[in-house]
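One letter stands for each residue in the lines below.
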Amino acid sequence: MQALLYTLAPVLAVVLGAIIASRTKLQPGLVAGLQHLAAGVVFAAAATEILPQVKHEASPSATLIGGAAGVATMLALKAFEARFRGPMALLAAIGIDILVDGLVLGLAFVAGEKAGFLLTIALTLEVLFLGLTLTNELAETYRSRLRIIVIVSAMALLLPIGALAAVPVATLSPVMIAGFLSFGLMALLYLVTEELLVEAHEKPDTPLISSMFFVGFLALLTLEEIMG
């Protein structure tokens, strides 16, 4: 229930991203800077909260199996996006992406309340861009801004569904929980390296824009230290 409550923040971020994208066009440099910031925050959350939990269990088999499943899932999603085109394929791909984000957030709460809280901050920034991206893509097919916002908002509801899917994990053995956390860790690393940063580098780059990655990383690291 706590994970479901926290999913309200990223759900609202998706809707906000849709509203912003439907009304104005953001400057590429600003978008790139914010994507670097989000990547730094997500990377810090993965490194400070999820990775230590996986290492604490010290189960090579759980780490390998869970991590391999995470990599395979994200690469399969990438292959799907590359093979199929059109609005329905786009909705399916981003829907799966949002569902996985919800699952990872739910897994973070299995690791602990602080891990869940910090990952909520990270994923809220990440899904904001999903809302922006999906809205811009759908605008090429649908003329009604209201229809686009409704579609994107409906997609955002996959976040709490994904978080619910992680609830049974809490009842499993510590070794199996470590395997699921390894899955979530790989999904987060893929999100940083193959989505946020790749998209950010497609836009004009400057030292200031690149520095936003480290601003995001240090900001979340500092917050984690303050929370103890």
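Residues numbered from 1 in each chain as written. Predicted model: local features only at pLDDT ≥ 70, side-chain atom pairs only at ≥ 80, totals over all residues. Heavy atoms only, no water.

## Considering the environment of A72
As for its placement among the helices and strands, A72 is situated in helix α4 (residues 60–83). For the pair formed by A72 and M186, sequence separation is 114 residues and the distance between their alpha carbons is 9.5 Å. (Helix = DSSP H or I, 4+ residues; strand = E, 2+ residues; numbered from the N terminus.)

## Quick look at helix α7 (residues 145–156)
With 12 residues, α7 should cover 16 Å at 1.5 Å per step; its first-to-last C-alpha distance of 17 Å lies within 8% of that length. The complete set of buried residues in α7 reads I148, I149, I151, V152, M155 and A156. All buried residues of α7 lie within an arc of 160° about the axis, which places them on one face of the element. Away from the buried face of α7 by more than 90 degrees, exposed residues L146 and V150 are located. Those residues of α7 that are buried lie in contact with α2 (8–23), α5 (87–111), α6 (113–138) and α8 (158–165). (Expected span 1.5 Å × (residues − 1). Buried < 20%, exposed > 50% of the residue type's maximum accessible area, 1.4 Å probe, protein only. Arc of directions from axis to C-beta. Contact = heavy atoms within 4.5 Å.)

## Let's talk about the nonpolar core
In terms of nonpolar packing, the biggest core is built from 47 residues, with V42, I50, L119, L181, L188 and L196 touching the most fellow members. Of all the elements in the fold, those that place two or more residues in this core are α3 (28–57), α4, α5, α6, α9 (174–200) and α10 (207–227). Sorting elements by how many residues they give to this core places α9 first, with 11 residues. Non-local contacts of L181, meaning those with residues more than four positions away in its chain, are made with I50, Q53, V54, L107 and A111. Among the nonpolar cores identified, the runner-up in size contains 20 residues, and L91, I94, L128 and L134 belong to it. (Core = buried A, V, L, I, M, F, W, Y, C linked by side-chain atoms within 4.5 Å.)

## Some details on the layout of surface pockets
Here the largest pocket is characterised by a volume of approximately 690 Å³. Lining of the largest pocket is provided by 27 residues; of these, E81, L90, T133, E137 and E199 occupy positions nearest its centre. Of all the secondary-structure elements, those providing two or more residues to the lining of the largest pocket are α4, α5, α6 and α9. With seven residues, the top contributor of residues to the lining of the largest pocket is α9. (1 Å grid on protein atoms, 1.4 Å probe; cavity = no way out; pocket = protein on both sides within 12 Å on 5 of 7 lines; lining within 4 Å. Points joined across faces, edges and corners; volume = space filled by probe spheres on them.)

## Remarks on the packing of aromatic side chains
Enumeration according to the criterion identifies five aromatic pairs in this entry. Relative to F109, the ring of Y6 has its centre 5.0 Å away and its plane inclined at 50°; by these criteria the two rings are tilted. Taken together, the residues span a long stretch of sequence, with Y6 in helix α1 (residues 2–6) and F109 in helix α5 at a distance of 103 residues. Under the relative-accessibility criterion, Y6 is labelled partly exposed at 22%. Note on Y6 and F117: the rings are 6.1 Å apart at their centroids and 80° apart in plane angle, and the pair reads as edge-to-face. (Phe/Tyr/Trp six-rings, centres within 6.5 Å; stacked < 30°, edge-to-face > 60°.)

## A word on the UniProt feature "transmembrane region" (unreviewed entry) in the protein
The sites that UniProt annotates as "transmembrane region" (unreviewed entry) are residues 58–77, 89–109, 115–134, 146–169, 175–193 and 205–223. The span residues 89–109 is 100% helix and 0% strand, and its two end C-alpha atoms sit 31 Å from each other. The span residues 115–134 is 100% helical and 0% strand by assignment, and the distance between its end C-alpha atoms comes to 28 Å. (UniProt positions renumbered as here; feature names shortened; annotations may be inferred.)

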